Amino acid sequence: MNEINILVLYDTNTGNTGKMAELVAEGASSFHSVNVRLLHVSDAIPEDLRWCDGIAMGSPTNYGTVSWRMKKWWDDLPKELWNTINGKLGCAFSSSGAWGGGNELTCLTLLTVLMNYGFSVFGVTEYVADRFTLHYGAISAGEPLSKEVQDACRQLGRELVKRL
């Protein structure tokens, strides 16, 4: 396997999405020859997008959509980056305060942002537990404490690497 560079870019309000990001990074890191950058959106720079082959992007769910920090980061990217990162692969994850809090809407918004920058995006049809899948991305209600949520996050990171 050639070396693969994975960016796990996330925002977090309470730390829950940050914990999910660590689990996604753990899943991606389970392969040899994979370099993972785990970055809070406030620490990321546009060059991180050029560096990566694939991105897992995570945001807390705020009123059924992405956090303002994540949206602002993408809105503020320099115009010179446009059309230079086409063809990379991306996926999404999100935490919310409760089930039904809009996690999948947030994942879809994250995927839409990636598509606008030319990323190919994917969902995972494989179930990680009975009635527990990550079609739009990995999701959690609150802290990712359950085995199912942790497995979903790790599986998302593994799938990102396997599809590259």
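Our subject is the structure listed above.
Residues numbered from 1 in each chain as written. Predicted model: local features only at pLDDT ≥ 70, side-chain atom pairs only at ≥ 80, totals over all residues. Heavy atoms only, no water.

Colleague: Break down the packing of aromatic side chains for me, citing the residues and quoting the values.
Modeller: Per the counting criterion, the structure on display carries four aromatic pairs. With centroids separated by 5.2 Å and ring planes inclined at 80°, the aromatic side chains of Trp 73 and Trp 74 adopt a geometry described as edge-to-face. The same class applies to Trp 73 and to Trp 74, which are both buried. Ring centres of Trp 82 and Tyr 117 lie 4.9 Å apart, and the angle between their planes is 65°; this geometry places the pair in the edge-to-face category. Taken together, the residues Trp 82 in the loop between α3 (68-75) and β4 (89-96) and Tyr 117 in the loop between α4 (103-116) and β5 (120-121) connect sequence positions 35 residues apart. Every member of this aromatic cluster is reached through a ring pair, and the members are Trp 73, Trp 74, Trp 82 and Tyr 117. The residue whose ring lies beneath Arg 37 is Trp 51, and the NZ or CZ to ring-centre distance is 3.9 Å. (Phe/Tyr/Trp six-rings, centres within 6.5 Å; stacked < 30°, edge-to-face > 60°. Buried < 20%, exposed > 50% of the residue type's maximum accessible area, 1.4 Å probe, protein only. Helix = DSSP H or I, 4+ residues; strand = E, 2+ residues; numbered from the N terminus. Lys NZ or Arg CZ within 6 Å of the ring centre and 35° of its normal.)

Colleague: Provide a residue-level description of α3, including the pertinent values.
Modeller: Turning to α3, its buried residues are Met 70, Trp 73 and Trp 74. Buried residues of α3 fall within an arc of 90° about the axis and therefore sit on the same side. If you follow the buried residues of α3, they end up packed against β1 (4-10), α2 (46-51), β3 (54-60) and α4. (Arc of directions from axis to C-beta. Contact = heavy atoms within 4.5 Å.)

Colleague: I'd love a proper account of the environment of Ala 44, names of residues and values included.
Modeller: Mapping Ala 44 onto the fold places it in the loop between β2 (34-40) and α2. The spatial distance from the C-alpha of Ala 44 to the C-alpha of Glu 80 is 17 Å, given a sequence separation of 36 residues. Beyond its immediate sequence surroundings of up to four residues, Ala 44 is in contact with Leu 9, Leu 39 and Trp 73.

Colleague: Outline the pairing of β2, listing residues and values.
Modeller: Across seven bridges, the pairing between β1 and β2 is parallel. Following the sheet pairing, Ile 6 is matched in β2 by Val 36. One crossover worth recording links β1 to the parallel β2 by way of helix α1 (residues 16-28), and it is right-handed. (Pairing = 2+ DSSP bridges. Right-handed = clockwise from strand over helix to strand, strands pointing away.)

Colleague: Before we move on, could you go through a nonpolar patch on the surface and cite the residues and values that matter?
Modeller: There is a patch of nonpolar side chains on the surface, built from Leu 105, Leu 108 and Tyr 136 and spanning about 270 Å² of accessible area. For Tyr 136, a relative accessible area of 36% corresponds to the partly exposed category. (Patch = residues over 30% accessible without salt bridge, like charges linked within 9 Å, V, L, I, M, F, W, Y side chains within 5 Å. Areas by Shrake-Rupley, 256 points an atom, 1.4 Å probe, with all protein chains shown as cover. Salt bridge = Lys/Arg side-chain N within 4 Å of Asp/Glu carboxyl O.)

Colleague: Report on the packing of α1 against helix α5 (residues 147-162), specifying residues and quantitative values.
Modeller: Remark: α1 packs on α5, axes separated minimally by 7 Å, with the N-to-C direction vectors making an angle of 45°. Considering their axes alone, α1 and α5 lie oblique with respect to each other. For the crossing formed where α1 meets α5, the hand is right-handed. Only Gln 150, Cys 153, Arg 154, Leu 156, Gly 157, Arg 158 and Val 161 of α5 make contact with α1, whose side of the interface consists of Met 20, Leu 23, Val 24, Glu 26, Gly 27 and Ala 28. (Axes fitted to C-alpha atoms, helices over the stretch in contact; angles between N-to-C directions. Parallel < 35°, antiparallel > 145°, perpendicular 65-115°, else oblique. Left-handed = near helix turned anticlockwise from the far one by under 90°.)

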